[in-house]
Amino acid sequence: MTVKIQIVDVSKRFGPIVAVNRVSLEVLEGEILTIIGPSGCGKSTLLKMIAGVLRPDSGDIRIDGRSVVDVPMEQRRIAFVFQNILLFPHMTVGENVRYSPVVRGVEKSRAEQLVATIRDFLRLRVREYAYPRELSMGMQQKVALARALAAECPIMLLDEPLSALDAIVRARLRYELRRIIKDLQLTAIYVTHDQAEAMTVADRIAVMRKGQIIQVGTPEELYNRPMHPFVARFLGGEANFIEGVVREVVEDRLLVEAPPFSELQVVNPGLEVKPGSKVILAIKPEDLILGRGVVEGEVSLTSYLGDSARIEIEVNGFRFVYRGPTEMYTQLSEGDKIRIDVVRERVMVMKYPEEGLLEAISIE
Ligand SMILES: Nc1ncnc2c1ncn2[C@@H]1O[C@H](COP(=O)(O)OP(=O)(O)O)[C@@H](O)[C@H]1O
Ligand SMILES: [Mg+2]
């Protein structure tokens, strides 16, 4: 696989703020990489440096193996789609989409063919002569996307392109976005702070926090094998975190004492730990077992979610979140006593973070 975009040890400060802190990242040709992280972690700053809107303080950015740090924005052949829809308000839909082909002097019949293809891809059933203000937000963002695609750039950067839209439109458009980027064989970096969106759109996801990339992997890798509690917090649904101490190391297994569980035998993902080492365990809501085990708790909240039930259980000061079949919602009531256990093979084990658990999973 060819590397299309290469970010090498890039940093950017704004006065005292380190917005991007020594980030290195590669995006393969034809790949969609999503960058997910909380607000203010440096996502937009990183994209702007790739696009050429901002210049890195240090490090290098390469496209097709060549440094572009000194290449002006217009010559980088990168299309950019922003959260705030950028359309020319005084131009019709047709004029907006044709803008780039016209400016680039693309021959008329080829330009028309290009525009028709993009409209088909986007299923853009919208009147050619309508003005942006006459369209819904979802439709406007589709037109903005069509306009960006008409620039025929091999690289597309999308900065929270759906966050101005309401939930239903958003949920639908993310599938279409992935489909069109794949169909046109573009290389894309897609920034979002929404877990479901990041997982839906991505080939690989990079999790960003405080200016740094903390893990890169496929959605499946990050969901099941997080290397940092923050990754499990951000991509693990509503993972339950507990602190533990390793009691024994037996081949690829660890025996961990992790209150309220006195002994859990879990799979070691390759951590260098020894008896006495502190670790973090993360348990997904779907990996909690209700109704058996030695640990007893009390049901404190029950919710019916249509396709599943969500139950909260309090166990001496710990609050666990369970997700499972809707029958559990019917069977359990708030105040019921219940035993809980965990699917041991699926417990995720991570190194204890220097800053402590609470700080490590904090979204701020
Ligand atoms: N032009 C700027 N001037 C000063 N500070 C900035 C500027 N742009 C971004 N920042 C700061 O840099 C940090 C990262 O911002 P940003 O890249 O926009 O984050 P994100 O897109 O992840 O929300 C934030 O603390 C933000 O306030
Ligand atoms: Mg941003």
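Cut-off values and rules
Each chain carries its own residue numbering, running from 1 in the direction its sequence is written. The naming scheme follows written order: chains are lettered A onward, ligands numbered 1 onward. Given that the model is predicted, a residue must reach a pLDDT of at least 70 before its local features are reported, and side-chain atom pairs must reach 80 or more before they are shown or counted; all residues, however, enter totals for whole chains, interfaces and linings. Note: side-chain values were computed over all heavy atoms of the structure, leaving out hydrogens and water. Between any two strands, pairing holds if DSSP finds at least two bridges. The helix count covers DSSP runs of H or I at least four residues long, the strand count covers runs of E at least two residues long, and both are numbered beginning at the N terminus. Here, axes are lines fitted to C-alpha atoms. For helices the fit covers the stretch in contact, and angles between N-to-C directions go from 0 to 180 degrees. Each domain's limits were defined by an automated method or a database of domain assignments. In the sections that follow, a salt bridge refers to a side-chain nitrogen of Lys or Arg positioned within 4 Å of a carboxyl oxygen of Asp or Glu. Here a polar contact is recorded for every N or O atom pair within 3.5 Å, except that within protein the pair must consist of a potential hydrogen donor and a potential acceptor, and residues adjacent in sequence are included only if both atoms are side-chain atoms. Residue polarity follows a fixed list, in which Ala, Val, Leu, Ile, Met, Phe, Trp, Tyr, Cys and Pro are nonpolar, Asp, Glu, Lys and Arg are charged, and the others, Gly among them, are polar. Buried residues of nine kinds, namely Ala, Val, Leu, Ile, Met, Phe, Trp, Tyr and Cys, make up a nonpolar core once their side-chain atoms join them within 4.5 Å. Between buried and exposed lies partly exposed: a residue is buried under 20% and exposed over 50% of the maximum accessible area for its type, with that area taken using a 1.4 Å probe on protein chains only. Residues count as neighbours in contact if any of their non-hydrogen atoms are within 4.5 Å of one another. Using only the protein atoms, space was sampled on a 1 Å grid; points where a 1.4 Å probe fits but cannot get out form cavities, open sets with protein on both sides within 12 Å along at least five of seven lines form pockets, and lining residues are those with an atom within 4 Å of a point. Grid points are joined across faces, edges and corners, and a volume is the space filled by probe spheres set on the points. When two rings of Phe, Tyr or Trp (its six-membered ring) have centres within 6.5 Å they constitute a pair, described as stacked for plane angles under 30 degrees, edge-to-face for angles over 60, and tilted for the intermediate range. Geometrically, a lysine NZ or arginine CZ counts as sitting over a ring once it is within 6 Å of the ring centre and also within 35 degrees of the ring normal. Residues are labelled near a given molecule or strand when at least one of their non-hydrogen atoms is within 4 Å of it.

1. A look at the pairing of strand β2 (residues 17-28)
Judged from the 8 bridges that link them, strand β1 (residues 3-14) and β2 form a sheet pairing that is antiparallel. Along β2, the bridge assignment pairs F14 with I17. Counting the residues that bridge the hairpin from β1 to β2 gives 2 residues, and of these G15 lies at a positive phi of roughly 55°.

2. With respect to the sheet that holds strand β8 (residues 187-192)
In spatial order, the strands read β6-β7-β8-β3-β9-β10; together these 6 strands make up an open sheet with mixed pairing. With partners counted over all chains shown, the strands left at the sheet margins are β6 (78-81) and β10 (212-217), one partner each. Averaged over neighbouring strand pairs, the angle between their axes works out to 15° when direction is ignored. Looking at chain direction, strand β9 (residues 204-209) and β10 are connected through 5 bridges and run antiparallel.

3. A few points about the domain arrangement of the protein
With domains assigned, the protein is organised as domain 1 (3-233) and domain 2 (238-360). Here domain 1 and domain 2 have C-alpha centroids that lie 37 Å from each other. The interface formed by domain 1 and domain 2 includes 2 salt bridges. Of the charged contacts in the structure, one is a salt bridge between E355 and R209, with a shortest N-O distance of 3.1 Å. For the interface between domain 1 and domain 2, the tally reads 7 residue pairs in polar contact (both at pLDDT 80 or more). Mapped by element, the contributors of at least two residues to the side of domain 1 that touches domain 2 are α7 (219-224) and α8 (229-235). The residue makeup of the side of domain 1 that touches domain 2, split by class, is 6 nonpolar, 2 polar and 3 charged.

4. A few points about the nonpolar core
Membership of the largest hydrophobic core comes to 37 residues, with the highest contact counts inside it found for L122, L145, L149, M156 and L158. Those elements that place two or more of their residues in this core are β6, α2 (93-103), α3 (108-122), α4 (137-149), β7 (155-159), α5 (167-183) and β8. No other element matches α4, which puts 6 residues into this core. If sequence neighbours within four positions are ignored, L158 has contacts with L47, V81, L145, L177, I181, A188, I189, Y190 and V191. With 29 residues, the next largest nonpolar core counts L264, V266, V279 and Y322 among its residues.

5. Here we look at the layout of surface pockets
A volume near 760 Å³ is recorded for the largest pocket. Contributing to the lining of the largest pocket are 24 residues, with I78, A79, F80, R147 and A151 lying nearest its centre. When residues of the lining of the largest pocket are traced back to their parent elements, those giving at least two are β6, α2 and α4. Within this model, the second largest pocket holds a volume of roughly 420 Å³. Along the walls of the second largest pocket sit 19 residues, with N224, R225, P226, P269 and V349 positioned nearest its centre. Put simply, the parts of the chain that give the lining of the second largest pocket at least two residues each are α7 and β19 (348-351). At 4 residues, the largest contribution of residues to the lining of the second largest pocket is made by β19.

6. Examining the packing of aromatic side chains
The full count for this structure, using the stated rule, is 6 aromatic pairs. Members of the aromatic cluster, connected to one another through ring pairs, are F261, F318 and F320. Looking at R209, its charged tip hangs above the ring of F230, at a distance of 5.1 Å from the centre.

7. As for the side chain of T34
Its location among the elements puts T34 in strand β3 (residues 32-36). Sequence-distant contacts of T34, defined by excluding residues within four places in its chain, comprise Y190, A198, V201, A202, R204, I205 and A206.

8. As for empty space enclosed by the protein
The gaps left among the atoms become clear once a water-sized probe is rolled over them. This model, assessed by the stated rule, comprises 1 cavity of 30 Å³ or more. Estimated volume of the largest cavity: approximately 40 Å³. Lining the largest cavity, in full, are V81, Q141, K142, L145, P161, L162, L173 and L177. Elements that contribute at least two residues to the lining of the largest cavity include exactly α4 and α5. Residues that form the lining of the largest cavity fall into these classes: 6 nonpolar, 1 polar and 1 charged.

9. Observations regarding the site of ligand 1
Surrounding ligand 1, one finds F14, I17, A19, P38, S39, G40, C41, G42, K43, S44 and T45. Here G40 contributes a backbone N or O atom positioned 2.6 Å from an oxygen atom of ligand 1. G42 is positioned with one of its backbone polar atoms (N or O) 3.1 Å from an oxygen atom of ligand 1. Residues that form the shell around ligand 1 fall into these classes: 5 nonpolar, 5 polar and 1 charged.

10. Examining the pattern of salt bridges
Scanning all chains against the criterion turns up 29 salt bridges. R55 is the salt-bridge partner of D70, the closest N and O atoms lying 2.9 Å from each other. Placement of D70 in the loop between β5 (66-67) and β6 and of R55 in the loop between α1 (43-51) and β4 (58-63) is noted, with a sequence separation of 15 residues between them. Taking the relative accessible area as the measure of exposure, D70 reaches 64% and is therefore exposed. In this structure R55 comes out as partly exposed when scored by relative accessible area, which is 46%.

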